[in-house]
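# Architecture at a glance
The lines below spell out each chain.
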Amino acid sequence: MTRDFAGKRVIVMGGSRGIGRSIALGFAAGGAAVSICARGAGPLEATRREIEAQGVAAHAASVDLADAKAIEAYVPAAVEALGGLDVLVNNASGFGHSDDEEGWAASLSVDMMAIVRGSHAAIPHMKPGSSIINISSISALRASSRSAPYGAVKAAVIHYTASQAKMLSSKGIRVNGVAPGSIEFPGGTWEDRRTSNPALYNATLASIPFGRMGRPEEVAEVVLFLASAKASWVTAQTIIVDGGQLVGP
């Protein structure tokens with residue numbers, strides 16, 4: 001369901017592919033001006049054009065979200081391009097899976113610190129009624145032998161989301177999170193694992209009661225709701241969007 005975001009200004013960090021792309025396009029379909037950032041120039045420009053095709057202002061910038069200074073430069077530029085800011089969506093992930101320095105650095109620098117830095121840069125531009133939405137994962141809610149840093153940092157995102165909500169309530173800014181399950185899309189992790197690791201893919205598929213992977217649009221719809229006026233009394237929550245994957249078949 002397309003919601004009325006006419007006149008709203010939205011930043012989607014990590015908005016060129018998959019869930020981020022669907023979120024950005026959902027806001028654009030609702031009439032919002034949208035800025036996206038990511039590292040890959042090709043997908044970034046393709047998504048910017050899709051946003052623009054909705055008849056709204058579209059802004060995009062190539063940003064390494066592990067780089068604090070890059071975020072500090074991007075957010076004000078996006079706000080200027082959009083003419084203000086009403087919604088910030090922190091979606092990027094470094095996908096740090098290995099339990100070593102590299103894995104932890106990837107998850108901490110992007111999954112956690114990009115949220116902190118992006119929020120700090122955005123909040124001075126946000127007014128009462130604005131909203132921040134942080135994308136976590138159901139990996140935050142269960143132990144993992146394959147991706148300990150990713151799960152642990154996504155758990156920290158859920159905690160920080162609630163803390164942000166408490167800190168920003170006096171400013172009239174709501175903060176919520178979304179924790180997706182396994183989502184498949186072209187060029188994404190699960191599309192790759194379908195062929196590179198079919199045993200893992202099939203075991204994961206079997207764990208989902210509905211017998212399929214989720215779609216990016218299904219996550220985007222929950223984000224759109226949380227950013228909308230219909231969720232005006234919802235804050236400090238993280239909503240699981242996993243088709244029952246956590247509870248199993």
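The model shown is predicted, which means the values in this text are computed figures rather than measured ones.

Procedures and definitions
Residues numbered from 1 in each chain as written. Predicted model: local features only at pLDDT ≥ 70, side-chain atom pairs only at ≥ 80, totals over all residues. Heavy atoms only, no water. Phe/Tyr/Trp six-rings, centres within 6.5 Å; stacked < 30°, edge-to-face > 60°. Lys NZ or Arg CZ within 6 Å of the ring centre and 35° of its normal. Core = buried A, V, L, I, M, F, W, Y, C linked by side-chain atoms within 4.5 Å. Buried < 20%, exposed > 50% of the residue type's maximum accessible area, 1.4 Å probe, protein only. Helix = DSSP H or I, 4+ residues; strand = E, 2+ residues; numbered from the N terminus. Contact = heavy atoms within 4.5 Å. Axes fitted to C-alpha atoms, helices over the stretch in contact; angles between N-to-C directions. Parallel < 35°, antiparallel > 145°, perpendicular 65-115°, else oblique. Left-handed = near helix turned anticlockwise from the far one by under 90°. Nonpolar A, V, L, I, M, F, W, Y, C, P; charged D, E, K, R; others polar. Patch = residues over 30% accessible without salt bridge, like charges linked within 9 Å, V, L, I, M, F, W, Y side chains within 5 Å. Areas by Shrake-Rupley, 256 points an atom, 1.4 Å probe, with all protein chains shown as cover. Salt bridge = Lys/Arg side-chain N within 4 Å of Asp/Glu carboxyl O. Lys, Arg positive; Asp, Glu negative; His and termini not counted. Charge placed at Lys NZ, Arg CZ, Asp CG, Glu CD.

Per the counting criterion, the structure on display carries three aromatic pairs. When the ring centre of Trp 190 is taken as origin, the NZ or CZ atom of Arg 193, which lies over that ring, is 5.1 Å away.

Turning our attention to the nonpolar core. Counting residues in each nonpolar core, the largest one holds 31 residues, and the members touching the most others are Ile 23, Phe 27, Val 34 and Val 178. The element that contributes the greatest number of residues to this core is helix α8 (residues 216–227), accounting for seven residues. Other than its neighbours up to four places away in sequence, Ile 23 contacts Val 12, Val 89, Ile 135, Ala 220, Val 223 and Leu 224.

Take the packing of helix α1 (residues 18–29) against α8 next. Where α1 meets α8, the axes come as close as 8 Å, and the angle between the chain directions of the two elements is 50 degrees. With respect to each other, α1 and α8 are oriented oblique. Note that α1 runs across α8; the crossing there is right-handed. Across from Gly 18, Ile 19, Ser 22, Ile 23, Gly 26 and Phe 27 in α1, the residues of α8 making contact are Pro 216, Glu 217, Val 219, Ala 220, Val 223, Leu 224 and Ala 227. Looking at side-chain class alone, the contact of α1 with α8 contains nine nonpolar, three polar and one charged residues.

Taken together, Asp 99, Asp 100, Glu 101 and Glu 102 make up a surface patch of like negative charges. A residue is classified by how much of its surface remains accessible, and Glu 101, at 70% relative accessible area, is exposed.

Here we take up the packing of helix α4 (residues 101–122) against helix α5 (residues 148–168). Relative to each other, α4 and α5 sit at 15 degrees, their axes nearing to 8 Å. Taken as axis vectors, α4 and α5 run roughly parallel relative to one another. Once α4 is placed against α5, the crossing between them reads as right-handed. Residues Gly 103, Trp 104, Ser 107, Leu 108, Asp 111, Met 112, Ile 115, Val 116, Ser 119 and His 120 of α4 touch α5, and the partners they reach there are Ala 148, Pro 149, Tyr 150, Ala 152, Val 153, Lys 154, Ala 156, Val 157, Tyr 160 and Gln 164.

Below, the discussion takes up a nonpolar patch on the surface. Among the surface-exposed residues, Leu 141, Ile 240, Leu 246 and Val 247 lie close enough to one another that they form a single nonpolar patch of about 360 Å² accessible area. Note that Val 247 resides in the segment after β7 (238–241).

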